[in-house]
Structure formats: C-alpha cells, structure tokens
Amino acid sequence: GQQVMQIPQYQHVQEGEDFTTYCNSSTTLSNIQWYKQRPGGHPVFLIQLVKSGEVKKQKRLTFQFGEAKKNSSLHITATQTTDVGTYFCAGEVHNNNDMRFGAGTRLTVKP
Amino acid sequence: NAGVMQNPRHLVRRRGQEARLRCSPMKGHSHVYWYRQLPEEGLKFMVYLQKENIIDESGMPKERFSAEFPKEGPSILRIQQVVRGDSAAYFCASSRDRGLEQYFGPGTRLTVT
C-alpha cells in the first residue's frame, strides 16, 4: 500500500503567493527526494535530504526534513508562473532501499 | 551525456495486441525503475531492476506484465494482450545506485484502442 502520503493533492495560488506541499510517512525514512514534473513532461530531480531536521534552499524553494525523519515539506516563496507543475516527494523506506513516491501536489499559478 | 532514453515516445495498440516499451538508462547506471502514470495522477511504482535481476516487482500486475533488464541492451517492459485500462504514460528512470536520485526518461505514452 501507499507508504508516502502527500498533501494537498491540488493547490491553486495567485502569482506572488506562497505555496507549501507536505509529505508524510508512516515509517522512518532514510532519505527523501523531491521532484518536479511540468505539464506534459517527465519528473526532474530537485533535491535530496538525508539528515534529521535538515533544511536546504534553492532560490525561492525551501526543503525541510522532519526531526523524526517521517515527514518533509517543500515551500515556495512568491510563486511565479514558471513554478506550475506537479511536485512529488519520494521516500526511501529505512533499511529497505526502496523509494516510494507520493501522489504529488499539482500547483497552478494564476498570473 | 545522453539522458535516459525511452522508445517509442508514443505507441498505439489495439486491444489484445502486445506492447513493448524500451528504456536505455543513463551511462553508468545499472538500476532501472518503471512507473505508470494515468492522466492527472501520480506515479505508480511498477518494478525495480538491476542488471539481469528483478529486485522488486511488487507494483507489477500479476498477469500480462513482465519486465527485464538483460546484460546487454535496454530494459524492456512488456504488456501482453493489452486492454483499454493499460492506456497511460509509462516512465522509466535510472540511478547510479540504490536510494540515489533517479533520472527519468521522457516516457512512452501508450494508447489502447
């Protein structure tokens, strides 16, 4: 069954507003990865988080890995139309080495 | 460096025919993953292979679907006796090692008529 849950499923924002997507696992994760898929495209790797409580930034994107290594978030500050797409998290189940993808959060940005 | 290659990009099959989807991983990558994606939905894991071995096929339907990754040549996802419900985008990804970032191919969009 689904081991990595992602919310919300959809998010519509006005350009300039912030956006956050959350990823939760029922089990401890060794690491978590985030991907972005543009409409009609394929998923593209964004970042990997490994350490408990880790925070990484890429320009307007901030990624966090929870202290218990069971949840993660991606926050986009001041969204732009180029941020449109579906954001997936993928967690490596601890001691399993299998990556499992969340269902994704589809972001639309109104100019 | 060439990325992950998938072919064909689009495939149309009639019900009952066979579909063969090919994936060539990135150079130096020996781990291959197949995913299915229905329109407006997420990625559903199907199978994980390493050269000549199936590591995890927990996401593969029990019947009609098979996958291989031979010592030489691309990984193949084979769907026998296709049905309309098989229509989807099938993505292949590769990684250098287990648990590392995955690089996705452009996908094969299968349409069953």
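Remember, predicted model here, so these are calculated numbers, not experimental data.

**Description of the pattern of salt bridges**
If charged atoms from side chains of opposite charge come close, those side chains can pair.
Residue and element names in this part refer to chain A.
Phase 1 of the analysis: This model, assessed by the stated rule, comprises 6 salt bridges over all chains.
Phase 2 of the analysis: Residues Glu-54 and Lys-56 are paired through a salt bridge, measuring 3.7 Å at the closest nitrogen-oxygen approach.
Phase 3 of the analysis: Its relative accessible area of 16% is what places Glu-54 among the buried residues.
Phase 4 of the analysis: According to the relative accessible area criterion, Lys-56 is partly exposed, its value standing at 30%.

**A closer look at the sheet that holds strand β7 (residues 65-68) of chain B**
Residue and element names in this part refer to chain B.
Phase 1 of the analysis: Across the sheet, which stays open at both edges, the 4 strands sit in the order β1-β3-β8-β7 with antiparallel pairing between neighbours. This sheet does not close on itself; its edge strands, each paired only once, are β1 (5-7) and β7. Ignoring which end each strand starts from, the neighbouring axes of this sheet average 15 degrees apart.
Phase 2 of the analysis: One ladder, built from 4 bridges, connects β7 with strand β8 (residues 75-79); its direction is antiparallel.

**Structural notes on the pairing of strand β9 (residues 88-95) of chain B**
All names here are of chain B.
Phase 1 of the analysis: Of all 8 residues in β9, 8 are buried, a share of seventy percent or more.
Phase 2 of the analysis: Taking every second residue as pointing to the same face, both faces of β9 are buried, with Ala-88, Tyr-90, Cys-92 and Ser-94 on one and Ala-89, Phe-91, Ala-93 and Ser-95 on the other.
Phase 3 of the analysis: In terms of strand pairing, strand β4 (residues 31-37) meets β9 through 7 bridges, oriented antiparallel. Across the sheet, Tyr-35 pairs through a bridge with Phe-91, a residue of β9.
Phase 4 of the analysis: Where β9 meets strand β11 (residues 108-112), 3 bridges bridge the pair, whose relative direction is antiparallel. Bridge pairing in β11 links Tyr-90 to Thr-108.

**Some thoughts on the packing of aromatic side chains**
Phase 1 of the analysis: A complete count under the given rule lists 10 aromatic pairs over all chains for this structure.
Phase 2 of the analysis: Their ring planes at 45 degrees and their centres at 5.2 Å tell us that A:Tyr35 and A:Phe101 sit as a pair that is tilted. Here A:Phe101 lies in strand β10 (residues 99-101) and A:Tyr35 lies in strand β4 (residues 29-37), a separation of 66 residues in the sequence.
Phase 3 of the analysis: The class for A:Tyr35 is buried, based on a relative accessible area of 0%.
Phase 4 of the analysis: On the basis of relative accessible area, A:Phe101 is assigned to the buried category, the value being 5%.
Phase 5 of the analysis: Judged by centre distance (6.1 Å) and plane angle (70 degrees), the ring pair of B:Tyr35 and B:Phe45 falls under edge-to-face. Here the residue B:Tyr35 occupies a position in strand β4, and B:Phe45 occupies one in strand β5 (residues 43-50), the gap between them amounting to 10 residues. The same class applies to B:Tyr35 as to B:Phe45, namely buried.
Phase 6 of the analysis: One aromatic cluster is present, formed by A:Tyr35, A:Phe45, A:Phe88, A:Phe101, B:Tyr35, B:Phe45 and B:Phe104 through successive ring pairs.
Phase 7 of the analysis: Over the aromatic face of B:Phe45 sits the side chain of A:Arg100, whose NZ or CZ is 4.2 Å from the ring centroid.

**Regarding the layout of surface pockets**
Phase 1 of the analysis: The calculated volume of the largest pocket comes to roughly 960 Å³.
Phase 2 of the analysis: In terms of lining residues, the largest pocket is bounded by 41 residues, among which B:Gln37, B:Leu38, B:Glu41, B:Gly42 and B:Leu43 are the most central.
Phase 3 of the analysis: No other element matches strand β11 (residues 105-110) of chain A, which puts 4 residues into the lining of the largest pocket.
Phase 4 of the analysis: Grouping the amino acids of the lining of the largest pocket by side-chain chemistry returns 15 nonpolar, 18 polar and 8 charged.

Analysis parameters
- Residues numbered from 1 in each chain as written.
- Chains lettered and ligands numbered in written order.
- Predicted model: local features only at pLDDT ≥ 70, side-chain atom pairs only at ≥ 80, totals over all residues.
- Heavy atoms only, no water.
- Salt bridge = Lys/Arg side-chain N within 4 Å of Asp/Glu carboxyl O.
- Buried < 20%, exposed > 50% of the residue type's maximum accessible area, 1.4 Å probe, protein only.
- Pairing = 2+ DSSP bridges.
- Helix = DSSP H or I, 4+ residues; strand = E, 2+ residues; numbered from the N terminus.
- Axes fitted to C-alpha atoms, helices over the stretch in contact; angles between N-to-C directions.
- Phe/Tyr/Trp six-rings, centres within 6.5 Å; stacked < 30°, edge-to-face > 60°.
- Lys NZ or Arg CZ within 6 Å of the ring centre and 35° of its normal.
- 1 Å grid on protein atoms, 1.4 Å probe; cavity = no way out; pocket = protein on both sides within 12 Å on 5 of 7 lines; lining within 4 Å.
- Points joined across faces, edges and corners; volume = space filled by probe spheres on them.
- Nonpolar A, V, L, I, M, F, W, Y, C, P; charged D, E, K, R; others polar.

The quantities given are spatial measurements derived from coordinates; they are silent on function.
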